[in-house]
Structure formats: structure tokens, C-alpha cells
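# Residue-level structural notes
Listed here are the chains, written in short residue letters.
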Amino acid sequence: QVQLVESGGGLVQPGGSLRLSCTASGSIVSILAMGWYRQAPGKQRELVATIARDGSTNYGDSVKGRFTISRDNAKNTVYLQMNSLKPEDTDVYYCNADLVTYYSGRLGSWGQGTQVTVSS
């Protein structure tokens, strides 16, 4: 009953920028938090950034100062502005939402993932 649709991934050179977007839709009562996680082949999925309902944010240590998470509550959309990209940022990035639905109560939902490749 909830769908997360991501966009904005692609191939960029080191030092470049990308902006990821994720929009949640469905029978949503409220969104407690949204965030971005990333996962490379053979590695555990790790936190990139989250933003809570009150606007508070958390960032993974490796992206602090380079990535910025923001949201548009009216559109149920979260953004990730990615600057000064490094080859080690190459991953599949997944959008996540901690939300409350009308029919199923509180649940977590994941997007399909979008590939970010940083390479020269």
C-alpha cells in the first residue's frame, strides 16, 4: 500500500554532484522519517542520511560535509544532494521511509534502489 519511487542516479566523475529524489505514495497517514542507505556488492547496507518528522538529521560519518538530506513534506519527498563525490561512493542507494499507513499501521518501506557510479 506504499510505494517509494527513486530517481537521480547515474554516472559521474570524481568531484561531481548528483541529486537523488524519492517520493512516497499510497495510504499514508504520516511519515515519521525518511532516509537514504547504500549497499555495495558483498557489503552490508549502511546509513547515508536520515531526516525525521521534526527536521532533525543524521549522517553517516563518511558523507558528512559532502551530502545534504532535505525534504518536502507537501510532496512526501526526500532529497539527497551529493557533492564532492568519490569513487568509494559508488553503490546502490536505497530510499527508506518509516511511516504509518491507514490500513497496516506503522511499517518500513524501501525503494527499488538507484545506482550511483563515480568513476573517471
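Report follows, based on the coordinates. (Residues numbered from 1 in each chain as written. Predicted model: local features only at pLDDT ≥ 70, side-chain atom pairs only at ≥ 80, totals over all residues. Heavy atoms only, no water.)

## Concerning the pairing of strand E4 (residues 28–39)
In the sheet, E4 pairs with strand E9 (residues 91–101) via 10 bridges, with the strands oriented antiparallel. Residue pairing for E9: Ala-33 is matched across the bridge by Asp-98. The pairing of E4 with strand E5 (residues 46–52) spans 6 bridges and is antiparallel. Each residue of the ladder has a partner; that of Trp-36, found in E5, is Ala-49. Count of turn residues in the E4/E5 antiparallel hairpin: 6 residues, of which Gly-42 carries a positive phi of about 80°. (Pairing = 2+ DSSP bridges. Helix = DSSP H or I, 4+ residues; strand = E, 2+ residues; numbered from the N terminus.)

## Observations concerning the packing of aromatic side chains
Enumeration over the complete set of coordinates arrives at 2 aromatic pairs. When the centroid spacing of 5.3 Å and the interplanar angle of 65° are considered together, the rings of Tyr-37 and Trp-110 count as edge-to-face. Residue Tyr-37 is found in strand E4, and its partner Trp-110 is found in strand E10 (residues 105–110); the two are separated by 73 residues along the sequence. A centroid spacing of 4.8 Å and a plane angle of 90° characterise the contact between Tyr-102 and Tyr-103, whose relative ring orientation is edge-to-face. Since its relative accessible area comes to 63%, Tyr-102 is described here as exposed. Taking relative accessible area as the criterion, Tyr-103 reaches 64% and is therefore assigned exposed. The aromatic ring of Tyr-94 is capped on one face by Arg-45, whose charged end is 3.8 Å from the ring centroid. In this structure, Arg-45 packs its charged tip against the face of Trp-110, placed 4.6 Å from the ring centre. (Phe/Tyr/Trp six-rings, centres within 6.5 Å; stacked < 30°, edge-to-face > 60°. Buried < 20%, exposed > 50% of the residue type's maximum accessible area, 1.4 Å probe, protein only. Lys NZ or Arg CZ within 6 Å of the ring centre and 35° of its normal.)

## Considerations on the side chain of Ser-109
Tracing the backbone through its elements, the reader meets Ser-109 in strand E10. Ignoring sequence-local partners within four residues, the contact set of Ser-109 consists of Val-2, Leu-4, Cys-95, Asn-96 and Ala-97. (Contact = heavy atoms within 4.5 Å.)

## Brief notes about the sheet that holds strand E1 (residues 2–7)
The 4 strands lie next to each other as E1-E3-E8-E7, forming an open sheet whose pairing is antiparallel. What marks the edges here is a single partner per strand, and that holds for E1 and strand E7 (67–72). Averaged over all pairs of adjacent strands, the angle between strand axes in this sheet comes to 15°, irrespective of strand direction. (Axes fitted to C-alpha atoms, helices over the stretch in contact; angles between N-to-C directions.)

## Observations concerning the pattern of salt bridges
The tally for this structure, following the rule as stated, stands at 6 salt bridges. Two residues, Arg-38 and Asp-89, come together in a salt bridge whose shortest N-O distance is 3.0 Å. Here Arg-38, found in strand E4, pairs with Asp-89, found in the loop between strand E8 (77–82) and E9; they are 51 residues apart in sequence, far enough to count as distant. There is no split in this pair, since Arg-38 and Asp-89 are both buried. Close ionic contact of Asp-91 with Arg-38 constitutes a salt bridge, the shortest N to O distance being 3.4 Å. Of the two residues, Asp-91 is situated in strand E9 and Arg-38 in strand E4; the sequence distance between them amounts to 53 residues. Each member of the pair, Asp-91 together with Arg-38, is buried. Salt bridges here are not isolated pairs; linked through shared partners, they connect Arg-38, Glu-46, Arg-66, Asp-89 and Asp-91. (Salt bridge = Lys/Arg side-chain N within 4 Å of Asp/Glu carboxyl O.)

None of the figures reported here should be taken as evidence of function without further support.
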